[in-house]
Amino acid sequence: MGKNMALRTVCIVLFLLCASTLAAQEGTMSFSVGIVPLDTRLDTLTEMVENVAKRYGSQIFLDEDEKTLLLEQWEKEAQAQRNSELGKVYASHDQEKLQQILDAEQPAPPLEFDSLPVTYHLAQFDQDLANALEASDDALAWFCSKNTYDALLLLASEELAGFQRIRIQYYHPKLTEKKTLIDSLVQNSYYQPLEEALEKA
């Protein structure tokens, strides 16, 4: 999936907006995606999506502008965390702790890198959860937060005139709406033709 410029750009921009300060300080930044089946019949499709995602979407490659943007975001996040710590210490009137923070060196920026790893995590099908995720963006945001996912791949199906309609959508809390990567008809749960489309999605 990393071959597709549109999805690649979405992932990069959203990662830059939401990069974790702690992860940045540790030099272990990554983009975490949950793969969520919304139908009990999608075990085979879920496995295929995971395999294709790991094969083609294991990394996001960055150009110089993107690396600069990521570093700037990291610096803003680091400063925001320091300001938050200072605010708490000011409120507690702990002069010794305040001086420690003021005297502490700023954390070093992450090491030079050309790409970010993407990790994928399979969610087990749960009907109640699927109903909630399909009904509410708030539920999607909650599910991401609960599992520390940066984004989701949502796998859905429905019967349509003898065919099975398969939809794979990309969700991120910062997007105004889900992005549809695949919306196709298949018969007899034959998902193989979707693999090539998913590689390019």
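In this text, all values refer to a predicted model and were calculated from it rather than measured experimentally. (Residues numbered from 1 in each chain as written. Predicted model: local features only at pLDDT ≥ 70, side-chain atom pairs only at ≥ 80, totals over all residues. Heavy atoms only, no water.)

A. Quick look at the packing of helix α6 (residues 127-135) against helix α7 (residues 137-147). Between α6 and α7, whose axes approach to 5 Å, the crossing angle comes to 120°. Judged on the interaxial angle alone, α7 and α6 are oblique. Residues Leu129, Ala132, Leu133 and Ala135 of α6 lie in contact with α7, whose contacting residues are Asp137, Ala139, Leu140, Trp142 and Phe143. Across the contact of α6 with α7, the residue classes break down as eight nonpolar, no polar and one charged. (Axes fitted to C-alpha atoms, helices over the stretch in contact; angles between N-to-C directions. Helix = DSSP H or I, 4+ residues; strand = E, 2+ residues; numbered from the N terminus. Parallel < 35°, antiparallel > 145°, perpendicular 65-115°, else oblique. Contact = heavy atoms within 4.5 Å. Nonpolar A, V, L, I, M, F, W, Y, C, P; charged D, E, K, R; others polar.)

B. Local environment of the sheet that holds strand β3 (residues 115-122). Judged by pairing direction, the sheet is mixed, and its six strands sit side by side in the order β2-β3-β1-β4-β5-β6 without closing on themselves. Sheet topology places β2 (59-61) and β6 (179-186) at the edges, where each strand pairs with a single neighbour. Ignoring strand direction, the axes of neighbouring strands in this sheet form an average angle of 20°. Inspection of the sheet shows strand β5 (residues 163-171) paired to β6 by seven bridges, in the antiparallel sense. The residue of β6 that forms the bridge with Gln164 is Val186. The strands touched by helix α8 (residues 192-200) are β5 and β6; relative to β6, the strand with the most contacts, the crossing angle is about 165°. (Pairing = 2+ DSSP bridges.)

C. Structural detail: the pattern of salt bridges. Within the structure shown, the criterion is met by seven salt bridges. Residue Asp39 is joined to Arg41 by a salt bridge in which the shortest nitrogen-to-oxygen separation is 2.8 Å. Residue Arg55 is joined to Glu195 by a salt bridge in which the shortest nitrogen-to-oxygen separation is 3.2 Å. With Arg55 in helix α3 (residues 43-56) and Glu195 in helix α8, this residue pair connects regions lying 140 residues apart in the sequence. (Salt bridge = Lys/Arg side-chain N within 4 Å of Asp/Glu carboxyl O.)

D. Inspection of unusual backbone geometry at higher detail. Of note in the backbone geometry, Ala161 takes a positive phi value of approximately 50° without being a glycine. One can find Ala161 in the loop between β4 (151-160) and β5. The exposed category is assigned to Ala161, whose relative accessible area is 76%. (Buried < 20%, exposed > 50% of the residue type's maximum accessible area, 1.4 Å probe, protein only.)

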